[in-house]
Amino acid sequence: MCQQTTHQKEKRPIHQWFLGMIVASIFSFAYLIIPIYLLCSACCLILRYPTTNASLAVALPMFISIIIPPLPSTFILRLLKPMLYYFDYEAIYTDDKNVRQAIAGGKNFLFAAQPHGILSFVGMCAAVSKPDDAMKVPTAAASAVLQTPLLKNLMGVFNLVDASAHNLKKILKGGGSVLIYIGGIAELFKSCRAEERLYLKKRKGFIKLALREGVDVVPIYLFGNTSVLSALKHGPLATLSRKLQVSLTWFWGKYYLPIPRDEKILYVVGKPLGLPHIEEPTQEDIDKWHAVYCDEVTKLFELHKERVPTYKHKKLFID
């Protein structure tokens, strides 16, 4: 049985829409401004420009951020609620009741989300919509995000953890569940507003991990992640983004500014795939269940794309 949550922007006054635009834009502008600020601060410190005291003052926010770890916060997530109405956010949970009961009974899951996009506004809205769930199931993020001053504190409110294989294994062995983005930043440079491309054919490590740990996989499709912002896919910044696994390229949305487009976005959670526990899975085992995952992701896309106007004529490609 499906559970559906909708936030229709037309039912909200204009001030809610405007406030939501400001909230969403804070994150997109931060991704552009923070790296520039950190670079300028470092240069000021090295050159002691314009004076030693002034350079220290400029770099003070950076120093404070280095000291303060990322702090998950349901309070802050609730303050971000206007973002749901700006995007016209909707969520569909295919098997929510059974998954919740299984988690309550001690079973853990690996939630596999795609596509990544420049910024996962769909995933962020899901956390804002259900902040208590976001605190129970952390989201795996690239270590570059968790180590970058200011950015780690801004994004840390969404309960992020290191996406390294060692850390994911530790979480699952400890009985916890985790949400991971399968395609990562590599996926950012594949999709566009005309077509949807998932970086998936070579991403089989999560299936191997799930089989070894006896953890079931739940597919999640994020409609809108690749359409609310467009990215510059070539050049030195794009190359650096791929290497660091963090979005450092130029991107734009509404008014050709780093303001995400106020389009309908949809968060769809599928059913658990039913993976068995195989302590030493063969390549055949991994390929088999990877194919099952690919099939389920394709089904989710085809079944629900009609609900999102910008996706009605999109085709899905798995690269």
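The residue count restarts for each chain, going from 1 along the sequence in the order it is written. Thresholds applied to this predicted model are a pLDDT of at least 70 for local features of residues and 80 or more for the giving and counting of side-chain atom pairs; totals over whole chains, interfaces and linings are not thresholded and use all residues. As a rule here, side-chain values cover all heavy atoms of the structure and leave hydrogens and water aside.

Looking at unusual backbone geometry
Quick reminder of the rule: Secondary structure follows DSSP: runs of H or I at least 4 residues long count as helices, runs of E at least 2 residues long count as strands, and numbering of each begins at the N terminus.
For the peptide bond that leads from Tyr49 to Pro50, omega is -5 degrees, which places it in the cis range. Within the secondary structure layout, Pro50 lies in the loop between helix H1 (14–47) and helix H2 (52–67). That bond from Gln114 to Pro115 is cis: its omega, -10 degrees, falls within 30 degrees of zero. Position of Pro115 relative to the elements: it lies in the loop between strand E3 (109–114) and helix H6 (121–129). For Leu150, which is not a glycine, the phi torsion comes out positive at approximately 70 degrees. With respect to the element layout, Leu150 can be found in the loop between helix H8 (143–147) and helix H9 (151–155). The phi dihedral of Tyr255 is positive, around 60 degrees, even though this residue is not glycine. Along the polypeptide, Tyr255 turns up in the loop between strand E10 (251–252) and strand E11 (265–269).

Things to note about the environment of Ala54
What counts here: When accessible area is computed with a 1.4 Å probe and restricted to protein chains, residues below 20% of their type maximum are described as buried, those above 50% as exposed, and intermediate ones as partly exposed.
Here Ala54 lies in helix H2. Assessed through its relative accessible area of 25%, Ala54 is described here as partly exposed. Separated by 101 residues in the primary sequence, Ala54 and Met155 have C-alpha atoms spaced 28 Å apart.

What to know about H2
In an α-helix, one turn spans 3.6 residues; hence positions three or four apart end up facing the same way. Selection rule: Multiplying 1.5 Å by the helix residue count minus one yields the expected span of that helix. In this scheme, the bend at a residue equals the angle between the axes fitted to the seven residues that finish there and the seven that begin there. Throughout, a residue-residue contact means that at least one pair of heavy atoms, one from each residue, lies within 4.5 Å.
Counted at 1.5 Å a residue, the expected span for H2 with its 16 residues is 22 Å, and the 21 Å between its end C-alpha atoms agrees. Largest kink in H2: about 50 degrees, centred on Ala59, with the proline Pro61 one to four residues after it. When we look at burial in H2, the residues that qualify are Ser55, Ala59, Met62 and Ser65. Buried residues in H2 make contact with H1 and H9.

Considerations on the confidence of the model for the protein
Where we set the bar: A residue's pLDDT is the confidence the predictor assigns to it, expressed on a 0 to 100 scale.
Summing up the model confidence of the protein, the mean pLDDT is 91 and the portion of residues at 70 or higher is 91%. Mean pLDDT values over the elements of the protein span from 61, in strand E1 (residues 3–6), up to 98, in strand E8 (residues 216–223).

As for the nonpolar core
Cut-off, in case you're wondering: Definition used in this section: a nonpolar core is a set of buried Ala, Val, Leu, Ile, Met, Phe, Trp, Tyr and Cys residues joined via side-chain atoms within 4.5 Å.
In this structure, Phe121, Phe158 and Tyr267 are the most contacted members of the largest nonpolar core, which totals 61 residues. It is H1 that contributes the most residues to this core, 11 residues altogether. For Tyr267, the residues in contact, after removing those within four places along its chain, are Tyr89, Glu90, Ala91, Ile92, Tyr93, Val122, Gly123, Ala126, Leu179, Ile220, Tyr221 and Leu222. Within the second largest apolar cluster, 36 residues are counted, among which are Val178, Phe206, Phe223 and Val297.

A look at a nonpolar patch on the surface
Rule in force here: Patch definition: residues above 30% relative accessible area lacking any salt bridge, with like charges linked at up to 9 Å and the nonpolar side chains Val, Leu, Ile, Met, Phe, Trp and Tyr linked at up to 5 Å. Surface accessibility follows the Shrake-Rupley procedure with a 1.4 Å probe radius. Residue values consider only the protein chains on display as shielding. Should a side-chain nitrogen of Lys or Arg be within 4 Å of a carboxyl oxygen of Asp or Glu, the pair is scored as a salt bridge.
On the surface, a cluster of nonpolar side chains totalling about 740 Å² of accessible area is made up of Leu56, Leu60, Phe63, Ile64, Ile66, Ile67, Ile68 and Leu71. Counting through the fold element by element, Leu56 comes out in helix H2.

Describing the pairing of strand E2 (residues 89–93)
Keep this limit in mind: Paired strands are those between which DSSP finds at least two bridges.
In terms of burial, E2 is a largely internal element, 5 of the 5 residues being buried. In the sheet, E2 pairs with E11 via 5 bridges, with the strands oriented parallel. If you follow Tyr93 over to E11, its bridge partner there is Val269.

Notes on the packing of H1 against H2
As a reminder, the rule being used: Every angle, taken between N-to-C directions, lies between 0 and 180 degrees, and every axis is a line fitted to C-alpha atoms, over only the stretch in contact when it is a helix. Roughly parallel refers to an angle under 35 degrees, roughly antiparallel to one over 145, roughly perpendicular to one between 65 and 115, and oblique to any angle outside these ranges. Handedness of each helix crossing follows the sense of rotation of the near helix against the far helix: counterclockwise by less than a right angle gives left-handed, clockwise gives right-handed.
Where H1 meets H2, the closest approach of the two axes is 9 Å, and the angle between their N-to-C directions is 135 degrees. Between H1 and H2, the angle is such that the two are oblique. Of the two elements, H1 crosses H2, and the hand of that crossing is left-handed. On the side of H1, the interface is formed by Tyr37, Leu38, Ser41, Cys44 and Leu45, while H2 contributes Ser55, Leu56, Val58, Ala59, Leu60, Pro61, Met62 and Phe63.

Remarks on the pattern of salt bridges
For side chains bearing opposite charge, pairing can occur when the charged atoms are close. Per the counting criterion, the structure on display carries 14 salt bridges. A salt bridge links Glu280 to Arg212; the shortest N-O distance between them is 3.9 Å. One end of the pair, Glu280, is in the loop between E11 and helix H14 (283–304); the other, Arg212, is in helix H12 (residues 205–213), and 68 residues separate them in sequence. Judged by its relative accessible area of 61%, Glu280 falls in the exposed class. Assessed through its relative accessible area of 34%, Arg212 is described here as partly exposed.

Points about the packing of H12 against H14
Selection rule: By the convention adopted, Pro, Cys, Tyr, Trp, Phe, Met, Ile, Leu, Val and Ala count as nonpolar, Lys, Arg, Asp and Glu as charged, and the other residues, Gly among them, as polar.
For the pair H12 and H14, the least separation of the axes is 9 Å and the interaxial angle reads 110 degrees. One element, H12, and the other, H14, form an angle in the roughly perpendicular class. The interaxial crossing formed by H12 with H14 has right-handed handedness. Listed contacts from H14 to Phe206, Ile207, Lys208 and Leu211 of H12 are Asp285, Ile286, Trp289, His290 and Tyr293. Tallied by class, the residues present in the contact of H12 with H14 amount to 6 nonpolar, 1 polar and 2 charged.

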